[in-house]
Amino acid sequence: MRKRGRGSRAVVAMAAAAVVGLAGCDASGGGGATPQGSTAQAHPSPRPTPVWNRSPGSIAAVGDSITRGFDACTVLSDCPEVSWATGSDTTVDSLAVRLLGATGAAEHSWNYAVTGARMADLPTQIAQAVPQRPELVTVMVGANDACRSTVSAMTPVAGFRRQFQTAMDSLRVSLPKTQVYVSSVPNLKRLWSQGRTSQLGKQVWKLGICPSMLGDADALDARASRRRDAVQERVEAYNRVLREVCAKDRRCRFDGNAVFDYRFGTGQLSQWDWFHPSRDGQARLAEIAYRAITAKNPVT
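Keep in mind it's a predicted model, so treat the numbers as computed, not measured.

Caption draft 1: Molecular detail of the packing of aromatic side chains. Enumeration according to the criterion identifies three aromatic pairs in this entry. Their ring planes at 65 degrees and their centres at 6.2 Å tell us that tryptophan 84 and tyrosine 181 sit as a pair that is edge-to-face. Taken together, the residues span a long stretch of sequence, with tryptophan 84 in the loop between strand S1 (59–63) and helix H2 (95–108) and tyrosine 181 in strand S4 (residues 179–182) at a distance of 97 residues. Exposure remark for tryptophan 84: the relative accessible area of 0% places this residue in the buried category. In this structure tyrosine 181 comes out as buried when scored by relative accessible area, which is 1%.

Set out below in structure tokens:
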């Protein structure tokens, strides 16, 4: 066999080096280290802007009588100044005041909630809020969908879901970057159990406040128990809908059932109807919302 000369050995060595170099490039998925003396510098990737802003600059509230402060100041009347969401009352320390300060809350928060509103009314309220272009919209609605004249008159769960999704879709068309805080529907059965200790409260209930749950307040027979259980199950189903629809929107935070789970006592209930939140109850709602909105991570 003929011996290779020096020239042949040099060619083989160069070819081997090239193969090793290519293999190294493949293994790293790209180019190798920057050669010494090169002027190229590695630039760190910019930190992505968080999707959720824990300090929104403006707030619009939509929902029902709870957000209007109904029965918190006088009997059978709205009292928006004590609203958990946008009120100015210092004893409540509303969400707007906590986030914006008293002056900021007066200038950059709006309350479009309507006493008696149901989920089907939410798109109209959102349409009213759109011109203000709020950075945060708070939603507390659903109690009136369960508080009907009879159990059969309650909003079906499928309809409730469709209506909430429609409301969220309409908001996203006009306000794609607005954040949404969604409160769970309160535990209506607990409100009944607390309020029924008041004779005055039960008399006010007879005027038509949540008859599906509060009607025949002292009745404890099987039929009354089944009625109240049916209302409670519907509220729990509504809260699952709120959680699931909100979870599909990265700028939406549900409260994790915090309002539903809160153990409202007589001190947090209106002294007139023993069902709606008192000033103290409104303050508790403001605390719950503030914690959820300012948390680093959403409640699960």
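Caption draft 2: Up close: the pattern of salt bridges. Under the counting rule described, the total for this entry stands at ten salt bridges. For arginine 172, the salt bridge goes to aspartate 249, with nearest N and O atoms at 2.6 Å. Note that arginine 172 is positioned in helix H5 (residues 157–174) and aspartate 249 in the loop between helix H9 (222–247) and strand S5 (252–254), a separation of 77 residues in sequence. Classification of arginine 172 by relative accessible area gives buried; the value is 18%. Under the relative-accessibility criterion, aspartate 249 is labelled buried at 13%. Two residues, glutamate 287 and arginine 284, come together in a salt bridge whose shortest N-O distance is 2.8 Å.

Caption draft 3: Up close: the packing of H2 against helix H11 (residues 279–294). Direction vectors running N to C along H2 and H11 enclose 65 degrees, while the axes themselves pass 7 Å from each other. Contact residues: H2 offers Leu95, Arg98 and Leu99, while H11 offers Ala283, Ala286, Glu287, Ala289, Tyr290, Ile293 and Thr294. Residues that form the contact of H2 with H11 fall into these classes: seven nonpolar, one polar and two charged.

Caption draft 4: Highlighting the sheet that holds strand S3 (residues 136–140). Pairing within the open sheet is parallel, and its five strands lie in the order S2-S1-S3-S4-S5. Each end of this open sheet is capped by a strand with a single partner; those strands are strand S2 (109–111) and S5. Sheet twist, expressed as the mean angle between neighbouring strand axes with direction ignored, is 15 degrees. In this sheet, S5 lies alongside S4 in parallel orientation, the contact comprising three bridges.

Caption draft 5: How the structure looks around unusual backbone geometry. One non-glycine residue, aspartate 71, lies in the positive phi region at around 65 degrees. Of note, aspartate 71 is situated in the loop between S1 and H2. Phi is positive for tryptophan 274, close to 50 degrees, though the residue is something other than glycine. Positionally, tryptophan 274 belongs in the loop between helix H10 (258–261) and H11. A relative accessible area of 18% means that tryptophan 274 is categorised as buried.

Caption draft 6: Region of interest: the nonpolar core. If you look at the biggest cluster of nonpolar residues, it comprises 69 residues, and the most contacted ones within it are Trp84, Leu122, Val182, Leu188 and Phe275. Ranked by residue count, the leading element in this core is H9, at seven residues. Residues in contact with tryptophan 84, not counting those within four places in the same chain, are Ile66, Thr67, Val92, Ser94, Leu95, Thr138, Met140, Tyr181, Gln282, Leu285, Ala286 and Ala289. Residues Ala72, Cys73, Cys79 and Val82 belong to the second largest nonpolar core, which totals five residues.

Caption draft 7: A look at the state of the cysteines. Using the criterion set out here, one finds three disulfides in the structure. There is a disulfide in this structure between cysteine 73 and cysteine 79, and the S-S distance comes to 1.8 Å. Judged by the sign of its S-S torsion, about -65 degrees, the bond between cysteine 73 and cysteine 79 is left-handed. Of the two residues, cysteine 73 and cysteine 79, both sit in the buried class. Covalently, cysteine 246 is tied to cysteine 252 through a disulfide, its sulfur atoms 2.0 Å apart. Taking the torsion about the sulfur-sulfur bond, which here is approximately -115 degrees, the covalent link between cysteine 246 and cysteine 252 counts as left-handed. Taking relative accessible area as the criterion, cysteine 246 reaches 2% and is therefore assigned buried. Cysteines bonded in the chain are numbered consecutively along the chain; their disulfide partners then correspond to 1-2, 3-4, 5-6.

About the thresholds
- Residues numbered from 1 in each chain as written.
- Predicted model: local features only at pLDDT ≥ 70, side-chain atom pairs only at ≥ 80, totals over all residues.
- Heavy atoms only, no water.
- Phe/Tyr/Trp six-rings, centres within 6.5 Å; stacked < 30°, edge-to-face > 60°.
- Helix = DSSP H or I, 4+ residues; strand = E, 2+ residues; numbered from the N terminus.
- Buried < 20%, exposed > 50% of the residue type's maximum accessible area, 1.4 Å probe, protein only.
- Salt bridge = Lys/Arg side-chain N within 4 Å of Asp/Glu carboxyl O.
- Axes fitted to C-alpha atoms, helices over the stretch in contact; angles between N-to-C directions.
- Contact = heavy atoms within 4.5 Å.
- Nonpolar A, V, L, I, M, F, W, Y, C, P; charged D, E, K, R; others polar.
- Pairing = 2+ DSSP bridges.
- Core = buried A, V, L, I, M, F, W, Y, C linked by side-chain atoms within 4.5 Å.
- Disulfide = S-S within 2.5 Å.

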